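# Descriptive analysis of the structure
The primary structure of each chain is shown beneath.
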Amino acid sequence: MFNVENIRKDFPILSRKVNGKPLVYFDNAATSQTPKQVIDVIVDYYSNYNANIHRGVHALSQEATDKYEEARKKIQTHFNAKFAHEIIFTSGTTHGINLVANGFSTILKKGDDIIVSALEHHSNIVPWQMLCERSGATLKVIPMNLEGELVMGEYDKLLSKNTKLVFVNHISNALGTINPIEYIIEKAHEVGAAVLVDGAQACPHLKPDVQALDVDFYVASAHKMCGPTGEGMLYGKESWLNKLPPYQGGGEMIAEVTFEKTTYAELPHKFEAGTPNICGGIAFGAAIDYMNAIGFDEIAKYESELLEYATKKLLDIEDLKIYGTSKHKTSVISFNLEGIHPYDVGAILDKLGIAVRTGHHCAQPIMDYFKIPGTVRASFAFYNTKTEIDTLVEGVKKAKMMLA
Amino acid sequence: MIVSIEDIQKELIDEFSMFEDWEERYQYMIDLGKDLPLIDDQYKTDSNIIKGCQSKVWVHAEMKDDKLVFTADSDAIITKGIIAILIRVFSNQHPKDIINAETDFIDKIGLKEHLSPTRANGLVSMVKQLKLYAIAYQTQLKS
């Protein structure tokens, strides 16, 4: 039974004060908070079995290796990958994207197209621009409409036999729009293109099934789903991962080294050069366990209640405009008060102990589209409450009064 | 006789010490921002924008007699209030005095939080930019 008061007890940080007020944490789309179940795993790792993995013959190394590989299996099960070696541990979503982009630089040639969406985070634009510069491929963009949704009719027109790659986020970080990735993947496959989905914003809210989606690559970050920072995962279909060259050279990723030639290790180690974030990987597994114990159906149901409640309450404030009004969105509200800069609103909310994000959310093209300098973004997680939303609404009213 | 930078800073510290809470302090900054004389539109150019601010900040500097005069603007009102404070302290002063001025008054008037780089409002960049202008004009005066 979903009980938010009990869940809140798992998160030590939620009981602290900020500027003398109880913390209201609404910056979950930037990073989520960490439950004690995950913190305990981190403490346990460094207290009891900290060792380098995959090489030592001693007991600690064996234990750490077992736990690390166990975490990989948890991630495999969670995302329903066919094989554990299709899960590559990364330092986060950005690392995963760059790994794939780098791999494709040897495959793409002049005349090829890469398609990205207008809803992308900078981290999902820049690597492709760099890749296009290196390979001579052309970057094409799926446009969005006023609701903040991608226009699929335009996407269809961009696809051709030249399309080699399509990159799209599952959910927009700036607006919360859930993109129709099933359709995007199906259409891309019809012209023989591969698809990478950035799941950074989706994974805190839903449970993607990479086999059902038939997606070629899927990336996520642990710190947005109750795990630690500096840790993430790349899922890639086995056939693709075998095709792509290694990203970084170093220890762990080799099978045999002579000065004439190095043969690379098997998957997944081919892409995991050097000593990884061992503790981070294990804690990522614990975070996935934690979220699954609560249940993604319960999480989605509760968060949509929060979204509906907050949308209604905020829209009651005169001159408040919400950006991103798709019917398919997660618990993210991007808004502005007319004539007031989002930075000013954020600065006042901070004084009231309310954490929101202000600015362009690393998605400047979206802000340019709406012709605004940025927005105030409140993003809710399953441990937030309606009472906290009331505090936000009062805070916004106060900011409006002070700033108008 | 111009009032020295040090004296203006003392005045500001006195003024801010009367506020009982953040709300009064912020309301005062917002009012200062609203009262800041407008910058001439011709100076609101891209090259006058201070980088590192979440809000846009334009600063223009020019010498009048032997004193450096700043005008500025921002699209965010709290940021504008901060600029108004900086202009009150540093504008209409000799470049040499601007270069040598201490900046610990920012801390003393309770604006320390705006110094943090994560705030990205660029208070640090603003102070640095004003001082850079002063250095540039000081070099010109010498040559």
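We now turn to the structure provided with this report.

Helices and strands together make up the secondary structure of chain A, namely 14 helices and 17 strands. What you see for chain A is a C-alpha radius of gyration of 22 Å, in line with the 22 Å of a compact globule of 404 residues. Taking the principal axes of its C-alpha atoms as reference, chain A extends roughly 70 × 55 × 35 Å. Burial analysis of chain A (404 residues in total) assigns 49% to the buried set. Counting only contacts in chain A whose residues sit at least 6 apart along the sequence, the fraction spanning at least 24 positions is 70%.

The next subject is the interface of chain B and chain A. In this complex, chain B contributes 12 residues to the contact, which on the side of chain A involves 11 residues. Elements supplying a minimum of two residues to the side of chain B that touches chain A: helix H2 (22–35) and helix H3 (77–90) of chain B. The residue makeup of the side of chain B that touches chain A, split by class, is six nonpolar, five polar and one charged.

Let's shift gears to the packing of helix H4 (residues 93–104) of chain A against helix H5 (residues 126–135) of chain A. Residues and elements named next belong to chain A. Remark: H4 packs on H5, axes separated minimally by 10 Å, with the N-to-C direction vectors making an angle of 15°. By the angle between their directions, the pair H4 and H5 is classed as roughly parallel. Judged by the sense of rotation from one axis to the other, the crossing of H4 with H5 is right-handed. The residues of H5 that touch H4, namely those facing Ile 97, Asn 98, Ala 101 and Phe 104, are Pro 127, Trp 128 and Leu 131. Of the residues that constitute the contact of H4 with H5, the class distribution is six nonpolar, one polar and no charged.

As a further point, take the environment of Asn 292 of chain A. Residues and elements named next belong to chain A. If you trace the backbone, Asn 292 turns up in helix H10 (residues 278–294). When the 14 C-beta atoms within 10 Å are taken as the criterion, Asn 292 is described as partly exposed. The sequence separation of Asn 292 and Asp 316 amounts to 24 residues, and the corresponding C-alpha distance is 35 Å.

All names here are of chain A. Residues Leu 267 and Pro 268 are joined by a peptide bond in cis, for which omega reads 0°. Relative to the assigned elements, Pro 268 resides in the loop between strand E12 (262–264) and H10. Even without being a glycine, Asp 214 presents a positive backbone phi close to 60°. In this fold, Asp 214 is placed in the loop between helix H8 (210–213) and strand E9 (217–221). Judged by the 13 C-beta atoms lying within 10 Å of it, Asp 214 falls in the partly exposed class. The phi angle at Lys 371 is positive, at roughly 55°, despite the residue not being glycine. Along the chain, Lys 371 falls in the loop between helix H13 (364–370) and strand E17 (375–379).

Before going further, it helps to examine the pairing of strand E5 (residues 113–117) of chain A. Residue and element names in this part refer to chain A. Counting buried positions along E5 gives five out of five residues, so the element sits mostly inside the fold. Handedness of the crossover joining E5 and strand E6 (residues 138–142) through H5: right-handed. By the bridge criterion, four bridges tie E5 to strand E7 (residues 163–169) in an arrangement that is parallel. Paired with Val 116 across the strands is Phe 167, a residue of E7.

Residues and elements named next belong to chain A. Taken together, the four strands give an open sheet; going across it, the order is E13-E14-E17-E16, and neighbouring strands pair in antiparallel fashion. Each of the sheet's edge strands pairs with one partner strand only, and the pair in question is strand E13 (320–323) and strand E16 (357–359). Each strand of the sheet is rotated relative to its neighbour by a mean of 30°, with strand direction disregarded. By the bridge criterion, three bridges tie E16 to E17 in an arrangement that is antiparallel. Residue pairing in the sheet places Thr 358 in a bridge with Val 376 of E17. Packing against the sheet, helix H12 (residues 342–351) makes contact with strand E14 (332–337), E16 and E17, and its axis sits at approximately 155° to E16.

Turning our attention to the sheet that holds E7 of chain A. All names here are of chain A. Spatially, seven strands are ordered E4-E10-E9-E8-E7-E5-E6 in an open sheet, and the strand pairing comes out mixed. Among the strands making up the open sheet, the edge pair consists of strand E4 (87–90) and E6. Here the average twist between neighbouring strands, direction ignored, is 20°. Where E7 meets strand E8 (residues 194–198), five bridges bridge the pair, whose relative direction is parallel. Residue pairing across strands places Val 168 opposite Val 197, the latter belonging to E8.

It is worth spelling out the environment of Ser 239 of chain A at this point. By the secondary structure assignment, Ser 239 of chain A is in helix H9 (residues 238–243). Sequence spacing of Ser 239 of chain A and Glu 86 of chain A is 153 residues, and the spatial spacing of their C-alpha atoms is 9.4 Å.

Attention now goes to helix H6 (residues 123–142) of chain B. Residue and element names in this part refer to chain B. Helix length check: H6 (20 residues) gives 29 Å between terminal C-alpha atoms against 28 Å at 1.5 Å per residue, within 8%. Every buried residue belonging to H6 is among Leu 123, Met 126, Gln 129, Leu 130, Tyr 133, Ala 134 and Tyr 137, and all of these are buried. Along the axis of H6, the buried positions cluster into a sector of 135°, meaning they face one direction only. Residues of H6 that are exposed and point more than 90 degrees away from the buried face comprise Ala 136, Thr 139 and Lys 142. Structurally, H6 contributes buried residues whose contacts are with strand E1 (57–64), strand E2 (67–74), H3, helix H4 (95–100) and helix H5 (105–108).

Reading guide: rules and limits
Residues numbered from 1 in each chain as written. Chains lettered and ligands numbered in written order. Predicted model: local features only at pLDDT ≥ 70, side-chain atom pairs only at ≥ 80, totals over all residues. Helix = DSSP H or I, 4+ residues; strand = E, 2+ residues; numbered from the N terminus. Rg over C-alpha atoms; globule rule 2.2 N^0.38 Å. Buried ≥ 20, exposed ≤ 12 C-beta atoms within 10 Å, placed from the backbone. Contact = placed C-beta atoms within 7 Å. Nonpolar A, V, L, I, M, F, W, Y, C, P; charged D, E, K, R; others polar. Axes fitted to C-alpha atoms, helices over the stretch in contact; angles between N-to-C directions. Parallel < 35°, antiparallel > 145°, perpendicular 65-115°, else oblique. Left-handed = near helix turned anticlockwise from the far one by under 90°. Right-handed = clockwise from strand over helix to strand, strands pointing away. Pairing = 2+ DSSP bridges. Expected span 1.5 Å × (residues − 1). Arc of directions from axis to C-beta.

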